Amino acid sequence: MWLLLRMDTPPDGILKALRSLAIEAQAHRLGNRWAIELQGNGYLPEMLLRYEEVERILPDDTPYPLVQRWNGSVELPSWKRREKLLWIAGPCSVENKAQLLSLAQDLKSLGVHVLRGGAFKARTSPYSFQGLGEVALEWLLEARSLIGLPICVEILSEKHLPLYEQVDILQIGARNMDHYWLLKEVGSTQKPVLLKRNPQATIEEWLLAAEYLLLHGSPWVLLCERGIRTFERSTRYMLDVGAIPVVQRQTLLPVIADPSHAAGHWRYVEPLALSAVGAGAEGLIVEVHPDPLQAQSDSAQQLTLDQFILLYQRANALFSARLGHLTQPV
Ligand code: PEP
Ligand code: MN
């Protein structure tokens, strides 16, 4: 059993108190705070929670121990966790090299940290545009080296892994969250992963998918809430904002949101994005296209650059305002 201490709480006091009760205890650094590992079982949670330093108990019988105890850091060149909102933006699908390079340059100048773009697409209909595949990946890699933005690209099959060697963040899409053998292969590349929640998945199933990745070698995982399936059809999916603080009580892995796929329409992207930041999301992944009407996939939900700039400013302002009031891990 582990005890997660409150932010800015040193472990010395509680270690002393526990040892005076003959409880063997050891301190570990977990993210930006301390945790205490207790040897043996049988301690009463009520007794342990009486210590003011203790925020919560991490039980030994958790289904996802690596997710619960993850204490690594997220390495991205221009993003500092807890100081800035993480921005991942770009087109749904990569369609044209000149368009991609020019958009990537604009996004980089604005302050976006990671470029997204689909190469192999997972479409509901086999007759819809399936993505440009390998050539799209080449253009993304060109954008990466010319413009200096890390890239995040969805991977659909382990067969494509050799093509993704230089991709900075591998994206597991909503449809593949529970493709466990793909998760094992992707984990074993030891690359960071953006893991979308499957719209049918419970939070526990989503975190178990992240456990697969960490177990097989991923150094960190961005957990991305992107909307779940409910009876409501006005938006494409229903962004589960409540999942954000719930997951943050389970793990120190960063939780981000994708308002684009939840909304399904550009008009709803900003309100959903702001609600996610209000709920504690550490980052956003947003679809942006220079000319959404001409986009070959997800035309209705992609933002123009101007719309994105407004969202960027408003969400950053909200994030900064919220930062002063945070008691949670973020
Ligand atoms: C995407 O981000 O390109 C995508 C297809 O999203 P999702 O997997 O959430 O549907
Ligand atoms: Mn899309």
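Quick notes on the rules
Residues numbered from 1 in each chain as written. Chains lettered and ligands numbered in written order. Predicted model: local features only at pLDDT ≥ 70, side-chain atom pairs only at ≥ 80, totals over all residues. Heavy atoms only, no water. 1 Å grid on protein atoms, 1.4 Å probe; cavity = no way out; pocket = protein on both sides within 12 Å on 5 of 7 lines; lining within 4 Å. Points joined across faces, edges and corners; volume = space filled by probe spheres on them. Nonpolar A, V, L, I, M, F, W, Y, C, P; charged D, E, K, R; others polar. Domains from an automatic or database assignment. Contact = heavy atoms within 4.5 Å. Buried area = accessible area lost by both parts, 1.4 Å probe. Salt bridge = Lys/Arg side-chain N within 4 Å of Asp/Glu carboxyl O. Pairing = 2+ DSSP bridges. Helix = DSSP H or I, 4+ residues; strand = E, 2+ residues; numbered from the N terminus. Axes fitted to C-alpha atoms, helices over the stretch in contact; angles between N-to-C directions.

Within this structure, the stated rule accounts for 3 cavities of 30 Å³ or more. Considered as a void within the structure, the largest cavity measures approximately 50 Å³ in volume. In this structure, the largest cavity is lined by Pro 91, Ser 93, Val 94, Glu 95, Asn 96, Gln 99, Leu 100, Leu 103, His 289 and Pro 290. Of the residues belonging to the lining of the largest cavity, the class tally is 5 nonpolar, 4 polar and 1 charged.

The assigned domain composition of the protein is domain 1 (2-61) and domain 2 (86-326). The straight-line distance from the C-alpha centre of domain 1 to that of domain 2 is 36 Å. Across the contact, 4 residues belong to domain 1 and 5 residues belong to domain 2. Both sides of the domain 1 and domain 2 interface together cover about 390 Å² of buried area, and 48% of this is carbon and sulfur. Counting across the domain 1 and domain 2 interface gives 0 salt bridges.

Another point: the sheet that holds strand E11 (residues 255-257). Spatially, 8 strands are ordered E5-E6-E7-E8-E9-E10-E11-E12 in a closed barrel, and the strand pairing comes out parallel. The mean inter-strand angle of the sheet, taken between neighbouring strand axes irrespective of direction, is 25°. One ladder, built from 2 bridges, connects E11 with strand E12 (residues 283-287); its direction is parallel. Within E12, the position partnered with Ile 256 by the bridge is Gly 283. Packed on one face of the sheet, helix H5 (residues 134-147) meets strand E6 (114-116) and strand E7 (151-154) and runs near 165° to E7.

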